[in-house]
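Understanding the architecture of this molecule
Residue-level listing of the chains:
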Amino acid sequence: MASKGIQEKTRYVVVTGANKGTGFETVRQLASNEGFIVILTARDEKRGMEATTNLHQLGFSNVVFHKLDVLDPDSILSLAQFIQQKFGRLDILVNNAGASGLIVDEAGLKALNIDPVAWLSGKVAKQVEGVIKQSYEKAQECLNTNYYGVKRVTEALLPLLKLSPSARIANVSSLRSELRRIPNESIRNELGNLETLSEDRVEAILNKFLHDFKENAIEENGWSVMLPAYSISKAVLNAYTRILAKRYPAMCINCVHPGYVDTDINWHTGTLTVEEGAKGPVKCALIEDGGPTGRYFDQTEVAGF
Ligand SMILES: NC(=O)c1ccc[n+]([C@@H]2O[C@H](COP(=O)([O-])OP(=O)(O)OC[C@H]3O[C@@H](n4cnc5c(N)ncnc54)[C@H](OP(=O)(O)O)[C@@H]3O)[C@@H](O)[C@H]2O)c1
């Protein structure tokens, strides 16, 4: 472990799903801050090591790799033990890893040439039906990654974050999370009511979603028809963010939509660069003491849930 003086000035950071896309760029931007040590994590050792080597070649010797699959409790435990033994605490956690929950015919989607504004409005669900397929297993994987994965990683790292004088958690969400996009009023109200929100209630909503998915009753029961599993996974991620922020008022815990970024997760239909997309997560990671907590950022600005 580093000497005490150096250790106090250092900021130890974890970014999940950071071998590519916005996560990789978030690591790069955070690593450019003096005194930062950034742990680039990825579920695939080879892809993660390659990304880390790329950053070393760009001069970021303060980036270290550790394997992390957010679906695998042993992998999460191993990361927590590594940080505990090597650094003794964690200052910033960026929960960036995400899954779309879809099987996509990429060429078919490109051929539709959908206008980005129409895509973001969520009104093209019927139009993309032929090229975007969903399955129960993919929907489960999406909820498991985007909500339960974040929860698992956060719970494992919280004891280390509690040792930080100014802990930050940035949960990378999506504009699909926005409550106004959920047609079912009671789900919308429940997810929007911080007084009554709890993990149990959030998880009951997810169970109901999976039940309706299996019964082919998504539209009938008022879930978002555009990317349904992804949308609810990010809506509950925001709810979880608010629950955590209320529970740990000394930390700054926020969720952030990075923008519509050109990455693999949207089959490169996004319009922003990863440099632009990482700005919001980086801002949430670097919030000053006493800054916003329990909020949703649309890129770099606080917005309504
Ligand atoms: N791009 C956008 O327009 C947009 C908009 C809103 C929100 N977001 C959110 O932004 C975040 C980053 O996505 P991106 O746009 O940068 O897409 P991306 O390039 O596809 O990156 C997704 C990352 O998540 C990782 N991942 C998936 N499952 C994982 C698991 N079980 N354990 C660990 N890592 C896992 C992927 O690893 P592999 O390489 O191994 O698959 C990859 O590194 C996601 O949370 C996404 O939902 C993106």
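Everything below is about the structure shown above.
Residues numbered from 1 in each chain as written. Predicted model: local features only at pLDDT ≥ 70, side-chain atom pairs only at ≥ 80, totals over all residues. Heavy atoms only, no water.

1. Notes on the overall build of the chain
For the chain, the helix and strand inventory stands at 12 helices and 10 strands. For 305 residues, the compact-globule estimate of 2.2 N^0.38 gives 19 Å, and the chain sits close to it at 19 Å. For the chain, the spread of C-alpha atoms along the three principal axes comes to 60 × 45 × 35 Å. Residue pairs at least 24 apart in sequence account for 74% of intrachain contacts in the chain once pairs closer than 6 positions are excluded. Surface summary for the chain: the accessible area is close to 13,600 Å², and the carbon and sulfur share equals 50%. Charge centroids of the chain, computed over 34 positive and 36 negative side chains, lie 3 Å from each other. (Helix = DSSP H or I, 4+ residues; strand = E, 2+ residues; numbered from the N terminus. Rg over C-alpha atoms; globule rule 2.2 N^0.38 Å. Contact = heavy atoms within 4.5 Å. Areas by Shrake-Rupley, 256 points an atom, 1.4 Å probe, with all protein chains shown as cover. Lys, Arg positive; Asp, Glu negative; His and termini not counted. Charge placed at Lys NZ, Arg CZ, Asp CG, Glu CD.)

2. Re the packing of aromatic side chains
Within a pair of aromatic rings, the relevant descriptors are the distance that separates the centres and the angle that separates the planes. What the rule picks out here adds up to nine aromatic pairs. Residues Phe-82 and Phe-87 carry aromatic rings whose centres are separated by 6.0 Å and whose planes lie at 90° to one another, so their mutual orientation is edge-to-face. Both residues of the pair, Phe-82 and Phe-87, belong to the buried class. On the numbers, 6.2 Å between centres and 35° between planes, the contact of Tyr-296 with Phe-305 is tilted. What makes Phe-305 partly exposed here is its relative accessible area of 24%. Through successive ring pairs, a cluster of aromatic residues spans Tyr-136, Phe-209, Phe-213 and Trp-223. It is Lys-214 that lies over the ring of Tyr-136; its NZ or CZ is 4.5 Å from the centre. The ring of Phe-305 is capped by Arg-242, whose NZ or CZ atom sits 4.1 Å from the centre of that ring. (Phe/Tyr/Trp six-rings, centres within 6.5 Å; stacked < 30°, edge-to-face > 60°. Buried < 20%, exposed > 50% of the residue type's maximum accessible area, 1.4 Å probe, protein only. Lys NZ or Arg CZ within 6 Å of the ring centre and 35° of its normal.)

3. Examining the sheet that holds strand 7 (residues 168–172)
The eight strands are arranged 3-2-1-4-7-8-9-10 in an open sheet whose pairing can be described as mixed. Looking at strand neighbours, the two that pair on one side only are strand 3 (63–67) and strand 10 (301–303), the edges of this open sheet. In this sheet, neighbouring strand axes are inclined to one another by 25° on average, regardless of whether the strands run parallel or antiparallel. Pairing analysis gives three bridges linking strand 8 (residues 252–257) to strand 9 (residues 296–298), with the strands arranged parallel. Looking at the pairing, Val-256 lines up with Phe-297 of strand 9. (Pairing = 2+ DSSP bridges. Axes fitted to C-alpha atoms, helices over the stretch in contact; angles between N-to-C directions.)

4. Section: the site of the ligand
The environment of the ligand is formed by 29 residues, the closest being Asn-19, Arg-43, Asn-96, Tyr-230 and Thr-263. Within the side chain of Tyr-230, a nitrogen or oxygen atom sits 2.6 Å from an oxygen atom of the ligand. Here an oxygen atom of the ligand and a backbone polar atom of Ile-265 are 3.3 Å apart. Contact with the protein chains covers 94% of the free accessible surface of the ligand, which is 890 Å². A breakdown of the residues in the shell around the ligand according to their chemical character gives 10 nonpolar, 13 polar and six charged. (Near = heavy atom within 4 Å. Polar contact = N/O pair within 3.5 Å; in protein donor to acceptor, adjacent residues only side chain to side chain. Nonpolar A, V, L, I, M, F, W, Y, C, P; charged D, E, K, R; others polar.)

5. Points about helix 7 (residues 136–161)
Between its terminal C-alpha atoms helix 7 stretches 35 Å, which fits the 38 Å expected from 26 residues at 1.5 Å a residue. Helix geometry: helix 7 is bent most strongly at Tyr-148, by close to 40°. (Expected span 1.5 Å × (residues − 1). Bend = angle between axes of the 7 residues up to and from the residue.)

6. Quick notes on the nonpolar core
With 66 residues, the main nonpolar core has Ile-83, Leu-90, Trp-119, Leu-157, Leu-191, Phe-209 and Ile-232 as its most contacted residues. Counting only elements with at least two residues in this core, the list comes to strand 1 (11–15), helix 4 (73–86), helix 7, helix 8 (185–192), helix 9 (199–214) and helix 10 (228–247). With 11 residues, helix 10 is the largest single contributor of residues to this core. Of all hydrophobic cores here, the second largest spans 28 residues; its members include Val-15, Phe-60, Cys-252 and Val-256. (Core = buried A, V, L, I, M, F, W, Y, C linked by side-chain atoms within 4.5 Å.)

7. A look at the packing of helix 2 (residues 21–31) against helix 3 (residues 45–57)
The interhelical angle for the contact between helix 2 and helix 3, taken along N-to-C directions, is 35°, at an axis separation of 11 Å. Crossing hand, helix 2 versus helix 3: right-handed. Here Phe-24, Val-27 and Arg-28 of helix 2 lie close against helix 3, whose contacting residues are Ala-51, Asn-54 and Leu-55. Split by residue class, the contact of helix 2 with helix 3 holds four nonpolar, one polar and one charged. (Left-handed = near helix turned anticlockwise from the far one by under 90°.)

8. A short note on the pairing of strand 8
The element strand 8 is extensively covered by neighbouring structure, given that six of its six residues are classed as buried. Both faces of strand 8 are covered, namely the face carrying Cys-252, Asn-254 and Val-256 and the face carrying Ile-253, Cys-255 and His-257. Bridge analysis of strand 7 against strand 8 gives five bridges, and the strand direction is parallel. Within strand 8, the residue paired with Asn-171 across the bridge is Cys-255.

9. Considering the side chain of Ser-231
Within the secondary structure, Ser-231 sits in helix 10. Given the relative accessible area of 3%, Ser-231 is considered buried. Once you skip the residues sitting within four places of it in the chain, Ser-231 turns out to touch Arg-176, Ser-177, Ser-224 and Met-226.

Structural measurements only, silent on function.
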